[in-house]
Amino acid sequence: MSNQERDSYNPSAVEEKWQRNWEERGTNSLTLEQLKSAKDPYYQLMMFPYPSAEGLHVGNIYAFTGADVHGRFFRMQGRTVFEPMGFDAFGIHSENFALKIGTHPMDLIPANVDNFTRQLRRIGGMFDWKHSLDTTDPSYYKWTQWVFLKLFEAGLAEQKKAPVNWCPSCMTVLANEQVITGACERCTTPVEQREIKQWFFKITDYAQRLLDNLGFIDWSETTLKAQSNWIGRSEGARLNFSVVYSDDRDTGHNIEVYTTRPDTIFGATYMVLSPEHPMVDKVTDDEHRHSVSEYREEARKSDLVTRQKTDKSKTGAFTGGFCANPATGEQIPIWIADYVLMDYGTGAIMAVPGHDQRDFEFATAFNLPIKRVVAGPEESSDTPLSEAYIGPGFLVNSGEFDGTDVSDSVGVFTKWAKSHGWGEGTVNFRLHDWCISRQRYWGPPIPIIHCDNCGSVPVPEEDLPVILPRVEDFKPDDSGVSPLARVEEWYQTTCPECGGEARRETDVSDTFLDSGWYFLRYPSTDFEDTAFDPEITRRWLPVDTYIGGNEHAVLHLLYSRFLTMVLKDLGYLDFEEPYDVFRAHGLIIAEGAKMSKSRGNVIIPDPIIEEFGADAFRIYLMFLGPFEEGGDYRTEGIQGPYGFLHRLWDTALTATEGTPDPDVERKVHQTVKQVTEQVQELGYNTSIAAMMECLNAIRSGGRQATRTEVEPLIAMIAPFAPHLAEELWEHLGHKESIFEGSNWPSFDESKIIESQVSVAVQVNGKLRGTISVPQDAAEDDVIIAAREEDNVARYLNGVEERRIVHVPGRLVNFVVG
RNA sequence: GCCGGGGUGGUGAAAUUGGUAAACACAGGGGACUUAAAAUCCCCCGGGCUCACGCCCUUCUGGGUUCAAGUCCCAGCCUCGGCACCA
């Protein structure tokens, strides 16, 4: 017999049958009525895919299956589960690919979506295809534009000329989040700086709240940590230094610095401005004007990759200007250097080379004075410094503050600065405003009309969507403006306010805006007149469980939190965190190595599904390792789960109506308990192992199963292997889908208890034997039995027993001496 | 450099949170069935010593706490992620 013929289990036939049944019966779709009235709604969300031309990859299937198992489990527990799926199809990725193969994205994307849909159906996810969405569909991006208008009206969207990250290869602006150590995350080209007018969302207004709420949302620890690092709150002080002439006269100019260590101000021996700092011209004297402008030019040209290299040696230029250290009254020189960044803090620092390593290196390179103001243990005010000292200690060379412990000196200095009017405590964030405009084609046009008389005017809501026109020449160029700016008949329009000639905004918005609110749309896709229906939104949101990759820990997840907060503040939502629970899944590697085309170890799902079926593939993926940690995919490994399904099939088909064996029944109850507890916590690999063990117990010694033994197992495997479970469930005489009604098995605690338990017996902590005793045996009896065990008795013979440790049901340890 | 996750058989991994290390699988070895192969079923499978009952060693390394440590504490090594001249 061949693999397929050894028994009657034929995965592809079973899977096709049930996929058709689900489709015809609408098993996986909620009606509008259900959405409006579901009593116990459960919103199971997974990060929607970008529909690439290559099709679904194993990583997608892994993530979706993990989420699907969770959703199906809750459904079998009686919840009304909504599990939608859609497509994140706008963006530079699609556009670049379309350019590469010479197809228009408006033709490419629908084909990719069709292919993805076919594959997604094939893996047997419980997706509600009646509530699917595609971000490139005007009926969707109409509301993306609406979200933009809401932020615009609230004053949270503004257009400003800003130095932006420009990728010369993709010829577009990148968000800070898309720049990885100075290079474009997509093509790794070094990013340049350009001054372009851009639309920004003021996410920094929400920085504190975005940080605070991390305290109560139930998210993967790693994701929370990544977000809080990204927001990057630091506490410090802004201090004002007055710019002075060399004869100490005040020039009337001030420069504010940001520092987290105001307590080291007595050690500030010079000041550094960022090369882009607006005060550079004012402080530079004639003698240094030439070298300063040369240095600034160099800094401007140098890309962010080289500029942000930490191991680069320090460069800079003296401006010829001075300012007064407000603590000491002494004159200190003002330098410019590219190690000070314009977009953090105030773009200017007081340099304390004695206690900041970067300043130390700079001072060493340019022979600037290094002054110790903190002495560590066993150090004094004049212990020489061979590097910056940042440890604990007390202040020295700091006038009246000498001797202050540095652990509480920051507050002291902040107060002191404030009382003298030259500084105050402040909080600074690393987070920047969200640049949402893209000078590209493949995105929703930003719904703004520029009018010479009225300025930037929002497109009236009734005129939405602003349709992205089909443009054959959509290739970006180096001009820095969108391809739409070449389409005069599109951008020429009239001002909605004055009716005069006006011009449409030709930038499109960032894809992260599309995905920033999509979870709100899914339950309301039946509605054309609103982005999300208030009643349905109240019932279904926030999302109960969201599952996705940690590569979106800061980008998508932070933006969607921000938009949710804004929509709440504007009265459209009554919650401000979109996802109650977020779990990041792990990554799949193949044969011990990261999957890559060059390694040739990329797993192509379709042939595997064809050979073994979606059910076996799903189980194997979930069996590889802990879902939140990922696993190593090995080609032969699928044999285990595949064989398991075959055995389960045979066992179910040959089951009798007899009474269950008590030992087997106990095992079944134990398994139900374990699987019930673990599946909701995403403990899939161990749940599957438990079910395998249970089936082994049922079949041990070649025995035939009874129906009551195998039926719970069929229900428990259903979230993992839904097709096979349906077929066997039907075989057992059930008329309805296993997913209709609450078919998750229950367990009886009293049937779990073993009558006899195995107890380890140790002597001095070493295992010397095991005994079997009644579960509820008295301690004395257990100890007597332990002592009588042959091997144990040998070790106890002739020695003094000092102590006996008894852990009921686990072990007895004789401590002898 | 800073912040997180992790290091357990040939391999993927378990371990009731301090209580019999290696469950469940893959690969490998042996056997049954078969003319034969495949499939299926049964047995073995961390290392060493022993005819055997058993004994010793073993969870990255080294210390410590404890009757008892893969699990807790200290020091170090390796690895994978994130952030990074962020003042």
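Residues numbered from 1 in each chain as written. Chains lettered and ligands numbered in written order. Predicted model: local features only at pLDDT ≥ 70, side-chain atom pairs only at ≥ 80, totals over all residues. Heavy atoms only, no water.

A. Up close: the overall build of chain A. For chain A, the count of helices and strands is 27 helices and 34 strands. Dimensions of chain A, computed from the C-alpha atoms along their principal axes, are close to 105 × 90 × 50 Å. Burial status across chain A gives 54% buried among its 817 residues. In chain A, the share of contacts with a sequence separation of at least 24, taken over all contacts with a separation of at least 6, comes to 72%. Summing over all exposed atoms, chain A offers an accessible surface of approximately 35300 Å²; the carbon and sulfur share of this is 48%. Mean positive and mean negative side-chain charge positions of chain A (77 and 124 charges, respectively) differ by 1 Å. (Helix = DSSP H or I, 4+ residues; strand = E, 2+ residues; numbered from the N terminus. Buried < 20%, exposed > 50% of the residue type's maximum accessible area, 1.4 Å probe, protein only. Contact = heavy atoms within 4.5 Å. Areas by Shrake-Rupley, 256 points an atom, 1.4 Å probe, with all protein chains shown as cover. Lys, Arg positive; Asp, Glu negative; His and termini not counted. Charge placed at Lys NZ, Arg CZ, Asp CG, Glu CD.)

B. Spatial organisation of the nonpolar core. Ranked by internal contacts, the top residues of the largest apolar core, which has 173 residues, are Phe148, Phe201, Trp434, Phe562, Tyr633, Ile717 and Phe720. Here this core spans two domains, and each of domain 1 (146–204 + 436–511) and domain 3 (629–750) adds at least three residues to it. Setting aside anything within four residues of it in sequence, one finds phenylalanine 562 in contact with Leu151, Phe201, Lys202, Ile203, Tyr206, Leu210 and Trp434. In terms of nonpolar packing, the next biggest core, distinct from the first, is built from 35 residues, Phe266, Val292, Ala348 and Phe413 among them. (Core = buried A, V, L, I, M, F, W, Y, C linked by side-chain atoms within 4.5 Å. Domains from an automatic or database assignment.)

C. Local environment of the sheet that holds strand E24 (residues 492–494). Overall, antiparallel pairing links the four strands, which are arranged E23-E22-E25-E24 in an open sheet. Edge positions in the sheet fall to strand E23 (455–458) and E24, since each of these pairs with one other strand and no more. Within this sheet the neighbouring strands show an average axis-to-axis angle of 40°, counted without direction. In the sheet, strand E22 (residues 448–451) pairs with E23 via four bridges, with the strands oriented antiparallel. Residue pairing in the sheet places isoleucine 449 in a bridge with valine 457 of E23. (Pairing = 2+ DSSP bridges. Axes fitted to C-alpha atoms, helices over the stretch in contact; angles between N-to-C directions.)

D. Quick look at the pattern of salt bridges. Throughout the structure, instances matching the rule amount to 45 salt bridges. Taking the shortest distance from any N to any O, the salt bridge between aspartate 356 and arginine 358 comes out at 2.5 Å. Its relative accessible area of 17% is what places aspartate 356 among the buried residues. The network of salt bridges with common partners includes Arg209, Lys568, Asp569 and Glu576. (Salt bridge = Lys/Arg side-chain N within 4 Å of Asp/Glu carboxyl O.)

E. Examining the protein's contact with RNA strand B more closely. The immediate surroundings of RNA strand B are formed by 52 residues, with Thr260, Lys314, Tyr344, Arg358 and Arg810 found nearest. The share of sugar and phosphate among atoms of RNA strand B within 4 Å of the protein is 62%. Within the side chain of arginine 768, one N or O atom sits 3.0 Å away from a phosphate oxygen of RNA strand B. In terms of residues, the surface near RNA strand B owes the most to one element, helix H22 (residues 684–699), which gives six residues. For the surface near RNA strand B, the class distribution of residues is 19 nonpolar, 14 polar and 19 charged. (Near = heavy atom within 4 Å. Polar contact = N/O pair within 3.5 Å; in protein donor to acceptor, adjacent residues only side chain to side chain. Nonpolar A, V, L, I, M, F, W, Y, C, P; charged D, E, K, R; others polar.)

F. Structural view of the confidence of the model for chain A. The predicted model of chain A has a mean per-residue pLDDT of 90, with 97% of residues at 70 or higher. pLDDT under 50 marks residues 1–6. Its contacts with residues more than four places away, or in other chains, come to nine contacts. (pLDDT = per-residue confidence, 0-100.)

G. The arrangement of the sheet that holds strand E32 (residues 766–774) in detail. Spatially, four strands are ordered E32-E31-E34-E33 in an open sheet, and the strand pairing comes out mixed. Two strands close off the open sheet at either side, each with one partner strand: E32 and strand E33 (801–807). Within the sheet, the average angular offset between the axes of one strand and its neighbour, ignoring direction, is 20°. Two strands pair when backbone bridges link them, and E33 and strand E34 (residues 811–816) are joined in this way by six bridges, in the antiparallel orientation. Among the inter-strand pairings, glutamate 801 is bridged to a residue of E34, identified as valine 816. Sitting on the sheet, helix H26 (residues 779–788) is in contact with strand E31 (756–763), E32, E33 and E34, with an inclination near 65° to E34.

H. Structural view of the packing of helix H23 (residues 707–717) against helix H24 (residues 722–731). Between H23 and H24, the shortest axis-to-axis distance is 8 Å and the interhelical angle comes to 150°. Relative to H24, the crossing made by H23 is left-handed. When H23 is examined against H24, the residues Glu711, Ile714 and Ile717 are found in contact with a partner set consisting of Leu724, Ala725, Leu728 and Trp729. Partitioning the contact of H23 with H24 into residue classes produces six nonpolar, no polar and one charged. (Left-handed = near helix turned anticlockwise from the far one by under 90°.)

I. View of helix H19 (residues 605–623). The terminal C-alpha atoms of H19, which comprises 19 residues, lie only 16 Å apart, well short of the 27 Å expected from a rise of 1.5 Å per residue. Glycine 613 marks the point of greatest bend in H19, at about 110°. Within H19, 14 of the 19 residues are buried, which leaves it mostly tucked inside the rest of the structure. (Expected span 1.5 Å × (residues − 1). Bend = angle between axes of the 7 residues up to and from the residue.)

J. Layout of the pairing of strand E12 (residues 250–259). Bridge count for strand E11 (residues 233–244) against E12 is seven bridges, and the pairing is antiparallel. Across the sheet, residue alanine 237 finds its bridge partner in E12, namely threonine 259. Taking the residues that link successive antiparallel strands as the turn, the E11-E12 hairpin has five residues, and the phi of aspartate 248 there is positive, at about 80°.

K. Structural context of the packing of aromatic side chains. Taken as a whole, this structure holds 58 aromatic pairs when the rule is applied. Judged by centre distance (5.5 Å) and plane angle (40°), the rings of phenylalanine 318 and tryptophan 335 are tilted. One end of the pair, phenylalanine 318, is in strand E14 (residues 317–324); the other, tryptophan 335, is in strand E15 (residues 331–336), and 17 residues separate them in sequence. We classify phenylalanine 318 as partly exposed; its relative accessible area is 21%. Taking the relative accessible area as the measure of exposure, tryptophan 335 reaches 10% and is therefore buried. Aromatic rings pair up to connect Phe148, Phe152, Trp199, Phe201, Tyr206, Trp434, Phe512, Tyr559 and Phe562 into one cluster. Above the face of the tyrosine 339 ring, lysine 314 is positioned so that its terminal group lies 5.5 Å from the ring centre. (Phe/Tyr/Trp six-rings, centres within 6.5 Å; stacked < 30°, edge-to-face > 60°. Lys NZ or Arg CZ within 6 Å of the ring centre and 35° of its normal.)

L. Focus on the packing of H19 against H22. It is the contact of H19 with H22, at a shortest axis distance of 7 Å, that shows an interaxial angle of 115°. On the side of H19, the interface is formed by Ile619, Met622 and Phe623, while H22 contributes Tyr684, Asn685, Ile688, Ala689 and Met692. Here the contact of H19 with H22 is built from residues that sort into seven nonpolar, one polar and no charged.

M. Representation of the side chain of aspartate 134 within the structure. Among the secondary structure elements, aspartate 134 is positioned in strand E4 (residues 133–134). There is no salt bridge for the buried aspartate 134, and the closest opposite charge comes from arginine 521, which lies 12 Å off by N-O distance.

N. Representation of helix H8 (residues 221–231) within the structure. Looking at H8, one finds that the buried residues are Thr223, Leu224, Gln227, Trp230 and Ile231. The buried residues of H8 all sit within an arc of 130° when viewed along its axis, so they share a single face. Summarising the geometry of H8, the exposed residues directed more than 90 degrees from the buried face are Glu221, Thr222 and Lys225. For H8, the elements touching its buried residues are helix H7 (207–212), strand E10 (218–219), E11, strand E19 (423–429), helix H18 (556–569) and strand E28 (579–585). (Arc of directions from axis to C-beta.)

O. Region of interest: the environment of phenylalanine 582. Considering the arrangement of structural elements, one finds phenylalanine 582 in strand E28. Residue phenylalanine 582 is classed as buried on the basis of its relative accessible area, which comes to 0%. Measuring from C-alpha to C-alpha, the distance between phenylalanine 582 and glycine 455 comes to 42 Å, with 127 residues separating the pair along the chain.

P. Seen up close, the domain arrangement of chain A. The domain boundaries assigned to chain A delineate domain 1 (146–204 + 436–511), domain 2 (233–429), domain 3 (629–750) and domain 4 (754–816). Distance from the C-alpha centre of domain 2 to the C-alpha centre of domain 4: 70 Å.

Q. View of the side chain of threonine 319. Among the secondary structure elements, threonine 319 is positioned in strand E14. Within the structure, the side chain of threonine 319 is placed 3.0 Å from the backbone nitrogen of glycine 321, a separation counted as a polar contact.

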